[in-house]
Amino acid sequence: MLKATLRSFLAHKGRLLLSALAVVLSVAFVAGSLIFSDTLSRTFDRLFASTAPDVTVSPTENLDEAVPSGMTATLPAALARRVAAVDGVAAARADAEVQNITVVDSENESVGPTTGAPTIGTDWNPDQRSPVELTSGHAPRGPSEALLDSESADRKGVRVGDTLTVIAGPGSFKVQVVGIATFTTTNPGAALLFLDTPTAQSKLLGDTKAATSISVDADEGVSDAQLKQRVVAALGANRYEFRTADEQAESDVEQLGGFLDVIKYVMLGFAGIAVLVGVFLIVNTFSMLIAQRTRELGLLRALGADRRQVRRSVLTEALLLGLVGSTLGLATGIGLAAGLIALMNTLGMNIKSSEMVIGWGTPVAAYVVGVGVTFVAAYLPARRAAGVSPMAALADAEIAGIGRPLRTRAIVGGVIGAAGAAALVGCGTASKTASAASLLGLGVLLTLLATVMAGPLLVRPVIRVLGGAFPALFGSVGRMSQRNALRNPRRTGATAAALMVGLALVGGMSVASASMTKSFDQQIDKTLGADYVIQNGNFLPFPQELTDAVRETPGAGLVVRSRFTPVAVRLPDGDRVETTAAGYDPQLDKVARITYAQGDTAAALAPGHIAMDVDFARDHDVRVGSAIPVEFQGGRSTELTVGALTDQESAEGFGTQGGLYFGLGALERFAPGGQDSALYVNAASGTSDDELRNSLERTLDPYPQVQVRDLADYKKLIHDQISVLLYLVYALLGLAIVIAVLGVVNTLALSVVERTREIGLLRAIGLARRQLRRMIRLESVVIAVFGAVLGLALGLVWGVCIQQVLALQGMNALAIPWTTIVAVVVGSAVVGVVAALLPALRASRMNVLAAIAHE
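What you see as residue numbers is a count from 1 along each chain, following the sequence as written. Under the rules for a predicted model, residues below a pLDDT of 70 receive no local features and side-chain atom pairs below 80 are neither given nor counted, while totals for whole chains, interfaces and linings still include all residues. Think of the side-chain values as coming from all heavy atoms in the structure, minus any hydrogens and water.

Enquirer: Would you mind going over the overall build of the protein chain with me for this structure?
Expert: Going along the chain from the N terminus, every DSSP run of H or I of four or more residues is numbered as a helix, and every run of E of two or more is numbered as a strand. In terms of regular secondary structure, the protein chain is built from 25 helices and 24 strands. In terms of overall dimensions, the protein chain has a C-alpha envelope of 95 × 65 × 55 Å along the principal axes. In these tables, accessible area is a Shrake-Rupley quantity obtained with a 1.4 Å probe, and a residue counts as shielded only by the protein chains included in the view. Put simply, the protein chain shows about 36,700 Å² of open surface, and 57% of that area lies on carbon and sulfur atoms. Positive and negative side-chain charges in the protein chain, numbering 71 and 74 respectively, have mean positions lying 20 Å apart. Charged residues are defined here as Lys and Arg on the positive side and Asp and Glu on the negative side; His and the ends of the chain fall outside this count. Charge positions are represented by NZ for Lys, CZ for Arg, CG for Asp and CD for Glu.

This is the structure:
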């Protein structure tokens, strides 16, 4: 049996090739994502471990800053002298480093990265742990000199002697580049500007007596833990944060972890789609191969092979396919990881391919996925093969039919579908976001399973409609193509299911994104009343001098500032909620339209008052007049009185939990040092909008990090952000379509082999080569469109349910992107034509006599 199995596998290797490609793609994304994320993690582990001082003393930050506030936490630089006197300290220095600066060249172009990585301004203190070394010029001496990292200099064409403008929180200043510093380790993509220590303190922090941290080096023989213990004893445990080198490196890695996780999970999402769609392809391939080998399997049974041996033979073939596919997929995954590393290098992150990490878990995961998926997908066809009777050797009979198994499918699929529908209905009626999202996930999974199981039952009624015009348009060729698609509902359903999964995903997300876009448009129309909004391109805060420049712009009338800060509020029901609060100037009503359930803007922004969303207040037993303890960054706290409750469509419309906001006076008192996040500007009397825009753009020309936006620009910004998610979905769809096309090609190719004698007879009675190719193309098109119809119908249901979840967050508008849906259906027909090209060509080139004689 083993010899027969191996010969059978080698005999059908061409037919198994496309299934192997599905395994290769699945494994490649799994292996590539693991290798890439492991390499990044190891690289940054080394970077942070090699550059962290033995002990770091930092300001205590009691609240997480979810939205940038522009505040820079500092501690007294004089602490360095106290720490230096501690027994076991070899050296201690005060560091001054900020990540909220903008550096521009002589043409007012930013020299910082465009990838979202920060531009870091820091003091020049080279030592053996420094990630850079001076490779040209000299160290900065005085307030007008600076070093720039070599990668930023090369990217923007900056040379020694050039003048740069630094836009920092305390104000702008000019520096001359007197040297270039080159990275000796991985550059995480940031731009680095180095100043001497006094300049960094005064120009970046605004205080020559301040520092952002104290770096401490240990004497020989003193461990990091011992040194930390002594420094804590000298300074007091509750005033500052103390970390050893390992703890600091771990903290840095945690801050980077979100970025690494996003990349990893996106890659694994591609792997999941590839696995899911690949399963249908493999099941279909093995089902057809077994159907074609019915006579062969019957002969084996007649010669004495029992059911177990036949089943084991088919599973062995699947195992071999999985091993081959996994091996090729692992190699492809290594290449994919190398490509991603090269891509990251082009974006400014210096990672060496020679340091690629292939841990033991990667090949294990690759073979578990590849072999496991293939084995599981082939199990049902193997069981069916084991049921072949020895009598089948006497007839060329197919074992796949539409009898009892389809009735069983109908019952099981109906039960699962009913459960899925109930979950989706529950999602639509839920009042809590968490429970609605959980029911949505359950409903999506169950309805997908139900559609896959019940797909063959839908083949005949749906394809009769989809192919109903074929006989009239294409005559007998159209009629035969329709009947070929109807011949084996199980096969047609499995082939279409691969395409259905991808299109259901894109349909659901298209509805969700269109609904989000429409909802945001409506909210912007209802809430934004300013002529123009001044904002940083990546929503980071900007310095006070920019606000002053806008106020002095000719034609600028009212200017209202917006600023954010992290807070924690203790509520009457006992909850402590950490969130982000906003501060506004008193004239907020002139630039925003806010709906209040109780109170008004004057009460909300009055000294000692705070406003919040009415639903948040109701959930936590808050009323107008309630006194709410509020904690600010740095340990400051106060008690504010609820002056107003807002009733916006989404948590007061400013995108923070609870919709908390108050007057800027409270921020300046309890959270000093913050920067403005947005300016709302109205034109002065007698100034047109176009005149004001031109004036603002001239004023802001030296500040390339900010943009002037009107209502249309603001909408476009939101649309572009939503599109990023949609592009990811389209990429997933593209992968699913690639594998689905492989499935259609495989199905048609095997179908051509299966119908060799039939095709020979059709050619013998006068069917032309062109008519034969058309018949196969039409069969492919109707199968592809069938998959598209099922997928889009399912996706529309999912999309409506996703919108119901979004409605709980205030996004109430439902939008169906009919243009996208029509385009997808048309595209599916094109996919069907493309997938049929090779099988149709092969069929048309068959020798008529040899085909008739085929057994």
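Here the narrative resumes.
Enquirer: Can you walk me through the nonpolar core in this structure?
Expert: One broad trend across soluble globular proteins is that nonpolar side chains are buried collectively. Counting 134 residues, the largest nonpolar core has Leu 588, Tyr 661, Tyr 680 and Ile 776 as the members making the most contacts within it. Ranked by residues supplied to this core, first place goes to helix 23 (residues 769-807) with 17 residues. By nonpolar core we mean a set of buried residues, namely Ala, Val, Leu, Ile, Met, Phe, Trp, Tyr and Cys, connected to one another through side-chain atoms within 4.5 Å. Burial classes follow relative accessibility: with a 1.4 Å probe on protein chains only, a residue under 20% of its type's maximum area counts as buried, one over 50% as exposed, and anything between as partly exposed. Grouped together as the second largest cluster of nonpolar side chains are 24 residues, Ala 581, Met 612, Ala 617 and Leu 667 included.

Enquirer: So what exactly am I meant to see when it comes to the confidence of the model for the protein chain here?
Expert: Low pLDDT marks regions whose predicted coordinates should not be analysed in detail. Mean pLDDT for the protein chain: 83, with 92% of residues reaching 70 or above. Every residue is assigned a pLDDT by the predictor, reflecting its confidence on a scale from 0 to 100. Only heavy atoms enter the contact rule, under which two residues are in contact if any of them lie within 4.5 Å. Low pLDDT, under 50, characterises residues 396-404; the stretch is placed with 16 contacts to residues that sit more than four places away or in other chains. Between residues 651-655, whose pLDDT stays under 50, and residues either more than four places distant or in other chains, the model counts ten contacts.

Enquirer: Explain the packing of helix 12 (residues 433-466) against helix 14 (residues 476-487) to me, please; I cannot follow it from the model alone.
Expert: If you want to describe how two helices pack, look at the angle between their axes and the distance between the axes. Orientation is described by lines fitted to C-alpha atoms, with helices fitted over the stretch in contact, and by angles between N-to-C directions that extend from 0 to 180 degrees. At a closest axis distance of 9 Å, the pairing of helix 12 and helix 14 adopts a crossing angle of 165°. By the angle class used here, helix 12 and helix 14 are roughly antiparallel. Crossing hand, helix 12 versus helix 14: right-handed. The segment helix 12 lies against helix 14, with Val 459, Arg 460, Ile 463 and Arg 464 engaging Gln 482, Ala 485, Leu 486 and Arg 487. Small angles under 35 degrees read as roughly parallel and large ones over 145 as roughly antiparallel, with 65 to 115 read as roughly perpendicular and the rest as oblique. Helix crossings get a hand from a simple test, with the near helix turned counterclockwise from the far one by less than a right angle marking a left-handed crossing and a clockwise turn marking a right-handed one.

Enquirer: What is the right way to read the environment of Gly 583 from this model?
Expert: Take Gly 583: it is sitting in strand 17 (residues 576-584). Judged by its relative accessible area of 0%, Gly 583 is buried. Along the backbone, Gly 583 and Thr 163 are 420 residues apart, and their C-alpha atoms lie at a distance of 36 Å. If near-sequence neighbours (up to four positions away) are discounted, Gly 583 is found in contact with Arg 561, Ser 562, Arg 563, Phe 662, Leu 664 and Leu 667.

Enquirer: Would you explain the sheet that holds strand 1 (residues 55-59) in this entry?
Expert: Either a parallel or an antiparallel arrangement is found when strands of a sheet pair, and the pairing is made through backbone hydrogen bonds. A pair of strands is considered paired only if DSSP assigns at least 2 bridges between the two. Strands sit in the order 3-13-1-14 across an open sheet of four strands; the sheet is antiparallel. Looking along the sheet, the strands with just one partner apiece sit at the ends: strand 3 (89-95) and strand 14 (240-244). Direction aside, the axes of adjacent strands within the sheet are offset by 20° on average. Against the sheet, helix 6 (residues 224-235) makes contact with strand 1, strand 3, strand 13 (213-218) and strand 14, and its axis sits at roughly 165° relative to strand 14, the strand it touches most.

Enquirer: How should I be thinking about empty space enclosed by the protein in this particular structure?
Expert: One water molecule sets the probe size; rolling that probe over the atoms shows where empty space is left. Cavity means a closed set of points on a 1 Å grid over the protein atoms alone, one where a 1.4 Å probe fits but cannot get out, pocket means an open set with protein on both sides within 12 Å along at least 5 of 7 lines, and lining means a residue has an atom within 4 Å of a point. Grid points are joined across faces, edges and corners, and a volume is the space filled by probe spheres set on the points. Within this structure, the stated rule accounts for five cavities of 30 Å³ or more. Considering only enclosed or pocket space, the largest cavity measures out at about 90 Å³ in volume. Asn 484, Arg 491, Thr 492, Ser 751 and Glu 779 are, among the 14 residues lining the largest cavity, the residues nearest its centre. Residue assignment for the lining of the largest cavity shows that the elements contributing at least two residues are helix 14, helix 15 (489-527), helix 21 (711-754) and helix 23. Ranked by residues supplied to the lining of the largest cavity, first place goes to helix 21 with four residues. A breakdown of the residues in the lining of the largest cavity according to their chemical character gives three nonpolar, six polar and five charged. In this classification, Asp, Glu, Lys and Arg are treated as charged, Ala, Val, Leu, Ile, Met, Phe, Trp, Tyr, Cys and Pro as nonpolar, and every other residue, Gly included, as polar.

Enquirer: How do you make sense of the pattern of salt bridges when you look at a structure like this?
Expert: When charged atoms on two side chains of opposite charge get close, those side chains can pair. Note on definitions: salt bridges are taken to be side-chain nitrogens of Lys or Arg within 4 Å of carboxyl oxygens of Asp or Glu. Taken as a whole, this structure holds 16 salt bridges when the rule is applied. Residue Arg 243 is joined to Glu 241 by a salt bridge in which the shortest nitrogen-to-oxygen separation is 2.9 Å. On the accessibility criterion, Arg 243 (22% relative accessible area) is partly exposed. Here Arg 563 makes a salt bridge to Asp 676, at a shortest N to O gap of 2.8 Å. Separated by 113 residues along the polypeptide, Arg 563 in strand 16 (residues 556-570) and Asp 676 in the loop between helix 19 (664-670) and strand 23 (678-683) bring together distant segments of the chain. Judged by relative accessible area, which is 6%, Arg 563 ranks as buried. Here Asp 676 falls in the buried class, since its relative accessible area comes to 1%.

Enquirer: Please clarify how the pairing of strand 19 (residues 609-613) should be interpreted in this entry.
Expert: For a regular strand, side-chain orientation follows a simple rule: the groups alternate between the two sheet faces. With four of five residues buried, strand 19 is to be regarded as a mostly interior element. Where strand 19 meets strand 21 (residues 637-646), five bridges bridge the pair, whose relative direction is parallel. Opposite Met 612, over in strand 21, you have Leu 645 as the bridge partner.

Enquirer: Is there a simple way to explain unusual backbone geometry in this structure?
Expert: Residues other than glycine predominantly adopt negative phi, and peptide bonds predominantly adopt the trans conformation. The phi dihedral of Asn 108 is positive, around 60°, even though this residue is not glycine. Relative to the helices and strands, Asn 108 is located in the loop between strand 5 (102-104) and strand 6 (119-123). With a phi close to 60°, Asp 621 is a non-glycine residue in the positive phi region. You can see Asp 621 is positioned in the loop between helix 18 (614-619) and strand 20 (627-632). For Asp 621, a relative accessible area of 44% corresponds to the partly exposed category.

Enquirer: Could you clarify how one ought to interpret helix 16 (residues 544-551) in this entry?
Expert: Residue pairs spaced three or four apart in an α-helix point in one direction, given the helix's 3.6 residues per turn. Along helix 16, the residues that are buried comprise Leu 546, Thr 547, Ala 549 and Val 550. One side of helix 16 carries all its buried residues, which in axial view fall inside an arc of 160°. On its buried side, helix 16 packs onto strand 15 (532-536), strand 16, strand 23, helix 20 (689-699) and strand 24 (706-709). Arc definition: it is the arc formed by the directions from the helix axis to the C-beta atoms.

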